[in-house]
Amino acid sequence: MDGPGVRFVLFMNGCQMRCQYCHNPDTWKLKSGQKKTVAETVADIGKYARFLKYVGGLTISGGEPLMQPEFVGTVMRRVKQEFGLHIALDTNGAFAGTVPDDWFDPVDLVLLDIKQIDPVRHRELTATELQPVLDAAQRLARLGKPLWIRYVLVPGWTDGFDDVERLADFVATLSTVERVEVLPFHNMAAYKWEAMAGGRYQLADTPAPTPEMEQRVRQQFFKRGLQVV
Ligand code: SF4
């Protein structure tokens, strides 16, 4: 889910991670998207603001929104000031350390992906370090930001019992977590990877998780008193 209710989703181009299961490799390049100014973006959102205010809000997604912190921070502040919308930030957390605490002031909810809790497996899966993501999770909890933690369940990569136990233990220490979303992997993005120059989709033969696997992983979070969807 992109957040509660009906959402205007602003997709930002650019992502520094290289998740092997990425559904949107076409958003990795910072400059491959449509160029818009802050004023144009706020005006686009403003067309729907009266409706969104009562039924949902704005979600900023990607790519990775924190690759363009100045633009996103300004859009969020203006949308909050001018329309009072509920704002959700969909992030992988890795760049959260590049912005000050008050950058998050307009954010009402963070949809935070944690891809793997084992640092070596995390690097293999995403080509990125894990620690900044964990730091971001703890910082956002300290700032009182409600969190929806998202975990993509990939057989052979993120389904290990012990890994999920460690992740569930960590998530249970975050006081502002409202829910954990366990998202079953599917390989429907294979065609996008093939379309990208040099794109090599290593998970083409990876199956979707079985219902039993999903159930077991959900239970591991649930046992810590976390709400799991
Ligand atoms: S963080 Fe998201 S957009 Fe970036 S590579 Fe991973 S799945 Fe794709």
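The structure presented is a predicted model; accordingly, all values stated were derived computationally and were not measured.

Enquirer: Would you mind showing me how to read the nonpolar core here?
Expert: As a rule of thumb, nonpolar side chains are buried together in soluble globular proteins. With 59 residues, the main nonpolar core has Leu-58, Leu-112 and Ile-149 as its most contacted residues. A per-element tally of this core places strand E5 (residues 147-153) first, with six residues. The residues touching Ile-149, leaving out its near neighbours within four places in the chain, are Leu-112, Ile-114, Val-171, Val-177 and Val-180.

Enquirer: Could you clarify how one ought to interpret the packing of helix H1 (residues 38-46) against helix H3 (residues 69-83) in this entry?
Expert: The relative placement of two packed helices is expressed as an angle between their axes plus a distance between the axes. Between H1 and H3, the shortest axis-to-axis distance is 10 Å and the interhelical angle comes to 40 degrees. The angle between H1 and H3 places the two elements in the oblique class. Two packed elements cross with a definite hand, and for H1 against H3 that hand is right-handed. Mapping the contact onto sequence places Val-38, Thr-41, Val-42, Ile-45 and Gly-46 in H1 and Phe-71, Thr-74, Val-75, Arg-78, Val-79, Glu-82 and Phe-83 in H3. A breakdown of the residues in the contact of H1 with H3 according to their chemical character gives seven nonpolar, three polar and two charged.

Enquirer: Would you mind showing me how to read the site of the ligand here?
Expert: The full set of residues close to the ligand is Cys-15, Met-17, Arg-18, Cys-19, Cys-22, Asn-24, Thr-27, Gly-62, Gly-63, Glu-64 and Asn-92. Classifying every residue of the shell around the ligand gives four nonpolar, five polar and two charged.

Enquirer: Even after reading the chapter, I still don't get the sheet that holds strand E3 (residues 86-91), so can you show me in this structure?
Expert: Reading across the sheet, the six strands line up as E1-E2-E3-E4-E5-E6 and stay open at both edges, with parallel pairing between neighbours. Since the sheet does not close on itself, it has two edges, and those belong to strand E1 (6-11) and strand E6 (177-184), each with one partner. Within this sheet the neighbouring strands show an average axis-to-axis angle of 20 degrees, counted without direction. Bridge analysis of strand E2 (residues 56-61) against E3 gives four bridges, and the strand direction is parallel. Bridge pairing links Leu-58 to Ile-87 in E3. Where helix H8 (residues 211-222) meets the sheet, its contacts fall on E5 and E6, and the angle it forms with E6 comes to roughly 165 degrees.

Enquirer: Looking at this structure, I do not really get the pairing of E6. What am I missing?
Expert: The side chains of a regular strand alternate between both faces of the sheet. The sheet contact formed by E5 and E6 spans seven bridges and is parallel. Looking across to E6, one finds that Tyr-151 is bridged to Val-182. With respect to chirality, the unit in which E5 leads through helix H6 (residues 161-172) into the neighbouring parallel E6 is right-handed.

Enquirer: Is there a simple way to explain the environment of Val-72 in this structure?
Expert: Examined against the element boundaries, Val-72 turns out to sit in helix H3. By the C-beta count within 10 Å, which is 25 here, Val-72 ends up buried. Between the C-alpha atom of Val-72 and that of Thr-41, which follows or precedes it by 31 residues, the distance is 10 Å. Not counting the four nearest positions on each side in its chain, Val-72 is found in contact with Met-12, Ile-60 and Pro-65.

Enquirer: Whenever I open this one, H3 confuses me. Can you help?
Expert: Along an α-helix, residues three or four apart share an orientation, since each turn contains 3.6 residues. With 15 residues, H3 extends 20 Å between its outermost C-alpha atoms, agreeing within 8% with the 21 Å of an ideal straight helix rising 1.5 Å per residue. Listing the buried residues of H3 in full gives Val-72, Gly-73, Val-75, Met-76 and Val-79. All buried residues of H3 project into a common sector of 165 degrees when viewed along the axis, lining one side. Turned more than 90 degrees off the buried face of H3, the exposed positions are Glu-70, Gln-81 and Glu-82. Where H3 is buried, its residues touch H1, E2 and E3. Taken from the residues just after H3, Gly-84 is the one with a positive phi, measuring 65 degrees.

Rules used throughout
- The residue numbering used here restarts from 1 in each chain and proceeds along that chain's sequence as written.
- A pLDDT threshold of at least 70 governs which residues receive local features in this predicted model, and a stricter bar of 80 or more applies before side-chain atom pairs are shown or counted, although totals over entire chains, interfaces and linings include all residues.
- Under the definition applied here, buried Ala, Val, Leu, Ile, Met, Phe, Trp, Tyr and Cys residues are grouped into a nonpolar core through C-beta atoms within 7 Å.
- With C-beta atoms placed from the backbone, a residue is buried if 20 or more other C-beta atoms are within 10 Å of its own, exposed if 12 or fewer are, and partly exposed between those counts.
- Starting at the N terminus, helices and strands are each numbered in turn, a helix being any DSSP run of H or I of at least four residues and a strand any DSSP run of E of at least two.
- Here the contact rule is simple: place C-beta atoms from the backbone, and any two residues whose C-beta atoms are within 7 Å are in contact.
- Angles run from 0 to 180 degrees between N-to-C directions of axes, and those axes are lines fitted to C-alpha atoms, restricted for helices to the stretch in contact.
- For this classification, under 35 degrees means roughly parallel, over 145 means roughly antiparallel, 65 to 115 means roughly perpendicular, and everything else is oblique.
- Should the near helix be turned anticlockwise from the far one by less than a right angle, the crossing is left-handed, and should it be turned clockwise, the crossing is right-handed.
- All amino acids are sorted into three groups, where Ala, Val, Leu, Ile, Met, Phe, Trp, Tyr, Cys and Pro are nonpolar, Asp, Glu, Lys and Arg are charged, and the leftover types, Gly among them, are polar.
- Nearness here is judged by the C-beta atom: place it from the backbone, and if it falls within 6 Å of a molecule or strand, the residue counts as near that partner.
- A strand pair is defined by DSSP finding two or more bridges across the two strands.
- For a crossover, the right-handed case is the one in which the path from the first strand over the helix to the second runs clockwise, viewed with the strands pointing away from the viewer.
- Here the expected span of a helix is defined as 1.5 Å times the quantity of residues minus one.
- Working definition: the arc comes from the directions between the helix axis and the C-beta atoms, pointing outward to the latter.

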